[in-house]
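Read off the chains here:
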Amino acid sequence: MTSKVTEESLGYEQARDELIEVVRRLEAGGTTLEESLALWERGEELAKVCRRWLDGARARLDAALAEEEAVEESGE
């Protein structure tokens, strides 16, 4: 359920910023094994959210470029 909530509610910048914080906390150490595993799992979720946003942005750019190219080729 957390994945669905994360996917639906976090924007790219929010997910990226939280992922940066997760990485910072993991690198700092001082957490228990259980806390570290929970942070790692959260980081994986956030990375997937970021990847989906970036993939979506790439698809939109590719579509816009293809449309522009089609217009140029048709001479309009």
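Residues numbered from 1 in each chain as written. Predicted model: local features only at pLDDT ≥ 70, side-chain atom pairs only at ≥ 80, totals over all residues. Heavy atoms only, no water.

Engineer: Where do I start with the overall build of the protein chain in this structure?
Structural biologist: Assigned secondary structure in the protein chain consists of 3 helices and 0 strands. When the helices and strands of the protein chain are read in sequence order from the N terminus, they spell out α-α-α. Across the 76 residues that make up the protein chain, the buried fraction comes to 13%. Look at the contacts in the protein chain between residues 6 or more apart in sequence, and 75% of them connect residues 24 or more apart. (Helix = DSSP H or I, 4+ residues; strand = E, 2+ residues; numbered from the N terminus. Buried < 20%, exposed > 50% of the residue type's maximum accessible area, 1.4 Å probe, protein only. Contact = heavy atoms within 4.5 Å.)

Engineer: What is the right way to read the pattern of salt bridges from this model?
Structural biologist: Opposite charge on two side chains allows them to pair when their charged atoms are near. Within the structure shown, the criterion is met by 6 salt bridges. Residue Arg16 pairs with Asp17 through a salt bridge whose shortest N-O separation is 3.0 Å. The partly exposed category is assigned to Asp17, whose relative accessible area is 41%. Close ionic contact of Arg42 with Glu45 constitutes a salt bridge, the shortest N to O distance being 3.0 Å. Taken together, the positions of Arg42 and Glu45, both in helix H3 (residues 33-74) and 3 residues apart, correspond to about one turn of that helix. (Salt bridge = Lys/Arg side-chain N within 4 Å of Asp/Glu carboxyl O.)

Engineer: How do you make sense of H3 when you look at a structure like this?
Structural biologist: An α-helix turns once every 3.6 residues. As a result, residues three or four positions apart point the same way. If you check H3, its first and last C-alpha atoms are 61 Å apart, about what 42 residues at 1.5 Å a residue would give, namely 62 Å. Among all positions of H3, only Leu39, Gly43, Leu46, Val49 and Cys50 are buried. Within two residues after H3, Gly75 carries a phi angle of roughly 80°, on the positive side. (Expected span 1.5 Å × (residues − 1).)

Engineer: How should the nonpolar core be read in this particular structure?
Structural biologist: General note: in soluble globular proteins, nonpolar side chains tend to be found buried as a group. In terms of nonpolar packing, the biggest core is built from 7 residues, these being Leu10, Ala15, Val22, Leu39, Leu46, Val49 and Cys50. For this core, the secondary-structure elements that each account for two or more residues are helix H2 (12-28) and H3. In terms of residues, this core owes the most to one element, H3, which gives 4 residues. Ala15 has contacts with Leu10, Leu46, Val49 and Cys50, leaving out every residue within four places of it along the chain. (Core = buried A, V, L, I, M, F, W, Y, C linked by side-chain atoms within 4.5 Å.)

Engineer: Honestly, a negative patch on the surface in this entry has me stumped. Any pointers?
Structural biologist: A cluster of acidic residues, Glu67, Glu68, Glu69, Glu72 and Glu73, forms a negative patch at the surface. Mapped onto the secondary structure, Glu72 falls in helix H3. Judged by relative accessible area, Glu72 falls into the exposed class, the value being 56%. (Patch = residues over 30% accessible without salt bridge, like charges linked within 9 Å, V, L, I, M, F, W, Y side chains within 5 Å. Areas by Shrake-Rupley, 256 points an atom, 1.4 Å probe, with all protein chains shown as cover. Lys, Arg positive; Asp, Glu negative; His and termini not counted. Charge placed at Lys NZ, Arg CZ, Asp CG, Glu CD.)

Engineer: What exactly am I supposed to notice about the environment of Arg52 here?
Structural biologist: Locating Arg52 in the fold gives a position in helix H3. For Arg52, a relative accessible area of 40% translates into the label partly exposed. C-alpha of Arg52 to C-alpha of Tyr12: the two residues are 40 residues apart in sequence and 8.8 Å apart in space.

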